[in-house]
Amino acid sequence: MEGARRASRYWSGPAAAGRPGRSVQAADRRRGPPVKGLILSGGHGTRLRPLTFTRAKQLIPVANKPVLFYAIEALRAAAIREIGIVVGNTRDEIQAAVGDGRRWDVRVTYIEQPEPLGLAHAVKLAEDYIRGEPFVVYLGDNLLRDGVRDVVDAFRDGAADACILLTPVRTPQAFGVAVLEGDRVVRLVEKPRDPPSDLALVGVYLFHEAIFEAVNAIRPSWRGELEITDAIQYLLDHGRRVEARRVTGWWKDTGRPEDILEANALILEAIEPAVRGQVDERSHLSGRVVVAEGAVVEESVVRGPAVIGEGSRIVRAYVGPFTAVGPRVHIEGSEVERCVVLEGSAIVGLEARLQDSLIGTGVQVVRCHGRPRAFKLVLGDQARVEVL
Ligand code: G1P
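Engineer: What is the right way to read the overall build of the protein chain from this model?
Structural biologist: Counting secondary structure elements, the protein chain contains 11 helices and 31 strands. In terms of overall dimensions, the protein chain is globule-like: its C-alpha atoms have a radius of gyration of 22 Å, near the 21 Å expected for 388 residues. Reported as C-alpha extents along the three principal axes, the dimensions of the protein chain are approximately 70 × 50 × 50 Å. In the protein chain, which comprises 388 residues, the proportion classed as buried is 50%. Accessible area of the protein chain: about 18800 Å², with a carbon and sulfur share of 47%.

If you want it as structure tokens, here you go:
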């Protein structure tokens, strides 16, 4: 019965279709056993409310692409072709966006996590799917500039039971933290009040099957979750080999609105400029700017790095650096800078510049013309507005 119930928690698309390019084929021929990917996309995303009232946090776009897609791409670039995605109450939405994975030439299997009981709980649910193979756990809301290819290769060819990625942070209290002696990991603590180091655990972990003994042995933490940090500590306590590597390049956990804005800025910095929409001769584009198909820029200044999504209209406006304008957005007679504006929203006639703002789908930020002249707001639960 348990077996049958477990089996029904998994579902996947057909074998990956299409012919991979030559460089990918070469990468696939590496030595060592195949490595699976496991992207964790459960969780409620409470820190990103109100956006997460209506969408999965992993589907919030960064530079007009869902955060989760970067994770899939990073795993694919590491020659991983079997990816399990652990999903919670937003599973339909995630499945609709990702499908069976053939777009990336990978095979995606969905693994249901009925309740968000922690990262180690999610790993535990994936035991049958992993089938004793080495695997990479990738948190679906994390972004790493340099991807995971090098760490996956080193782990596949090495002898460690687990590998963690570390990076120094200013607020270790918000993360899992590692204590090293030389290169050796001696202790891990989840969200310590009094951090023993500034080295945060990045949301990417590599495991061999020893981790399943650990996730089955540990008990829930004070926040009622099975912590992956505690499971790795269990490996250390039982004489298993845990390696640590420092990440090269930037890393971003997109858990909070300001993280989304920052991740957006970091991704945009490396964007390839391309103008596929229409830009009239009275407009001026500078720096790295993408104007997608069907977008129209009239009498406006767009200063990159910035992206303007499909079918958007930018009229007598200024779009400043580090801005991602989603599809079918209307910006007129206004200035925006370092903003993320999602699909179908309108920003019209603002007197002051809109800056450092995260605007959801179908939102209208417009000038009040009638009397009385006042702020007139219809805000969803837990919205946040800063006024002059
Ligand atoms: C989780 C882990 C934490 C890690 C972080 C990285 O935290 O528990 O150890 O440092 O991801 O993004 P959470 O996102 O659950 O707060």
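Engineer: Is there a simple way to explain the sheet that holds strand S26 (residues 335-337) in this structure?
Structural biologist: What the 5 strands build is an open sheet, ordered S17-S20-S23-S26-S29; its pairing is parallel. With partners counted over all chains shown, the strands left at the sheet margins are strand S17 (284-286) and strand S29 (354-355), one partner each. As defined by bridge partners, strand S20 (residues 301-303) adjoins strand S23 (residues 318-319) across 2 bridges and the pair is classed as parallel. The residue bridging Val301 from the neighbouring strand is Tyr318, located in S23.

Engineer: Whenever I open this one, a nonpolar patch on the surface confuses me. Can you help?
Structural biologist: Together, Phe375, Leu377, Leu379, Val385 and Val387 make up a nonpolar patch on the protein surface, roughly 490 Å² of accessible area in all. Turning to its location among the elements, Leu379 is positioned in the segment after strand S31 (364-366). Looking at Leu379, the relative accessible area reads 46%, which means it is partly exposed.

Engineer: Can you help me understand the confidence of the model for the protein chain in this one?
Structural biologist: Low pLDDT marks stretches whose predicted atomic positions should not be read closely. Chain-level statistics for the protein chain give a pLDDT mean of 90 and a share of 92% at 70 or above. With pLDDT under 50 throughout, residues 1-8 is counted as low confidence; its partners more than four residues away or in other chains account for 1 contact. Throughout residues 14-29 the model reports pLDDT below 50, and contacts reaching past four residues in sequence, or to other chains, amount to 20 contacts.

Engineer: So what exactly am I meant to see when it comes to the pairing of strand S2 (residues 36-41) here?
Structural biologist: Within a regular strand, the side chains alternate between the two sheet faces. Within S2, 6 of the 6 residues are buried, which leaves the element mostly enclosed by the surrounding structure. Judged by which residues are buried, S2 turns out to be covered on both faces: Lys36, Leu38 and Leu40 on one side and Gly37, Ile39 and Ser41 on the other are all buried. Bridge count for S2 against strand S7 (residues 135-139) is 5 bridges, and the pairing is parallel. If you follow Ile39 over to S7, its bridge partner there is Tyr138. Relative to strand S5 (residues 82-87), S2 is paired through 5 bridges, and the arrangement is parallel. Bridge pairing in S5 places Gly37 opposite Ile83.

Engineer: For this particular structure, what's the right way to read the site of the ligand?
Structural biologist: As a matter of local geometry, the ligand sits amid 15 residues, with Gly176, Glu190, Lys191, Leu201 and Asp253 nearest to it. Here an oxygen atom of the ligand sits 2.8 Å away from a polar atom, N or O, in the side chain of Asp253. Isolated, the ligand exposes 380 Å² of accessible area, and the fraction of that covered by the protein chains is 92%. Elements that contribute at least two residues to the shell around the ligand include exactly strand S12 (199-207) and strand S14 (251-253).

Engineer: Sorry, what's going on with the packing of aromatic side chains here?
Structural biologist: Centre distance and the angle of the planes are the two values used to describe a pair of aromatic rings. Under the definition given, this model contains 5 aromatic pairs. Linked through ring pairs, Phe135, Tyr205, Phe207 and Phe212 together constitute an aromatic cluster. The ring of Tyr129 carries the charged tip of Lys36 above its face, separated from the ring centre by 4.8 Å. Taking the ring centre of Tyr70 as reference, the NZ or CZ of Lys65 above it sits at 4.5 Å.

Engineer: Looking at this model, I keep getting lost on the side chain of Thr323. Mind explaining?
Structural biologist: Of note, Thr323 is situated in strand S24 (residues 323-325). Only 3.0 Å separates the side chain of Thr323 from the backbone nitrogen of Arg338, close enough to count as a polar contact. Excluding residues within four positions of it along the chain, Thr323 makes contact with Asn264, Leu268, Pro305, Ala306, Val307, Val336, Glu337, Arg338 and Cys339.

Engineer: Before we go on, may I ask you to explain the pattern of salt bridges in this structure?
Structural biologist: Side chains bearing opposite charge may pair, as long as their charged atoms lie close to each other. Taken as a whole, this structure holds 33 salt bridges when the rule is applied. Among the salt bridges present, the one from Glu133 reaches Lys36, with a minimum N-O distance of 3.0 Å. Here the residue Glu133 occupies a position in the loop between helix H7 (127-130) and S7, and Lys36 occupies one in strand S2, the gap between them amounting to 97 residues. According to the relative accessible area criterion, Lys36 is buried, its value standing at 8%. For Glu335, the salt bridge is made with Arg353, and the minimal N-O distance between the two is 2.8 Å. Taken together, the positions of Glu335 in strand S26 and Arg353 in the loop between strand S28 (346-348) and S29 put the pair 18 residues apart, joining distant regions of the chain. Here the salt bridges share partners, and the residues they tie into one network are Glu190, Lys191, Arg223, Glu225 and Glu227.

Engineer: It is not clear to me how the sheet that holds strand S15 (residues 274-275) should be interpreted in this structure. Could you clarify?
Structural biologist: Pairing between the strands of a sheet is mediated by backbone hydrogen bonds and can be parallel or antiparallel. What the 6 strands build is an open sheet, ordered S15-S18-S21-S24-S27-S30; its pairing is parallel. Whereas interior strands pair on both sides, the edge strands pair on one side only; in this sheet they are S15 and strand S30 (358-359). Strand direction decides the pairing type here: strand S18 (residues 289-291) and strand S21 (residues 306-308), joined by 3 bridges, are parallel. If you follow Val291 over to S21, its bridge partner there is Ile308. Those strands touched by helix H11 (residues 257-268) are S21, S24, strand S27 (340-341) and S30, and its axis lies near 95° from that of S24.

Rules behind the numbers
Numbering of residues begins from 1 in every chain and follows the order in which that chain's sequence is written. Residues qualify for local features only when their pLDDT is at least 70, as the model is predicted, and side-chain atom pairs are given and counted only at 80 or more; totals for whole chains, interfaces and linings, by contrast, use all residues. Values reported for side chains reflect all heavy atoms of the structure, with hydrogen atoms and water molecules removed beforehand. Each helix is a run of H or I in the DSSP string that is no shorter than four residues. Each strand is a run of E no shorter than two, and both are numbered from the N terminus. All radius of gyration figures rest on C-alpha atoms, and the globule criterion is 2.2 Å times the number of residues raised to 0.38. Exposure is judged per residue with a 1.4 Å probe applied to protein chains only, and the accessible area is read against the type maximum: over 50% gives exposed, under 20% gives buried, and values in between give partly exposed. Here the open area of atoms and residues is found with the Shrake-Rupley method and a 1.4 Å probe, where only the protein chains shown may cover a residue. Two strands qualify as a pair provided DSSP detects at least 2 bridges between them. Only residues above 30% relative accessible area that lack a salt bridge enter a patch, with like-charged residues linked at up to 9 Å and the nonpolar side chains Val, Leu, Ile, Met, Phe, Trp and Tyr linked at up to 5 Å. The salt bridge definition used is simple: a Lys or Arg side-chain nitrogen within 4 Å of an Asp or Glu carboxyl oxygen. You can read pLDDT as the predictor saying how much it trusts each residue, on a scale of 0 to 100. Here a residue-residue contact requires only that any non-hydrogen atoms of the pair lie within 4.5 Å. Here, proximity means that at least one heavy atom of the residue falls within 4 Å of the molecule or strand. For the purposes of these results, a polar contact is taken to be a pair of N or O atoms within 3.5 Å, where, inside protein, one atom must be able to donate a hydrogen and its partner to accept one; residues adjacent in sequence count only when each atom of the pair is a side-chain atom. Each pair of aromatic rings taken from Phe, Tyr and Trp, with Trp reduced to its six-membered ring, is defined by centres within 6.5 Å and is described as stacked if the planes are under 30 degrees apart, edge-to-face if over 60, and tilted in the remaining cases. Placement of a charge over a ring requires the Lys NZ or Arg CZ to be within 6 Å of the ring centre, with the centre-to-atom vector within 35 degrees of the ring normal. To define axes, lines are fitted to C-alpha atoms, for helices over the stretch in contact only, and angles between the resulting N-to-C directions are given on a 0 to 180 degree scale.

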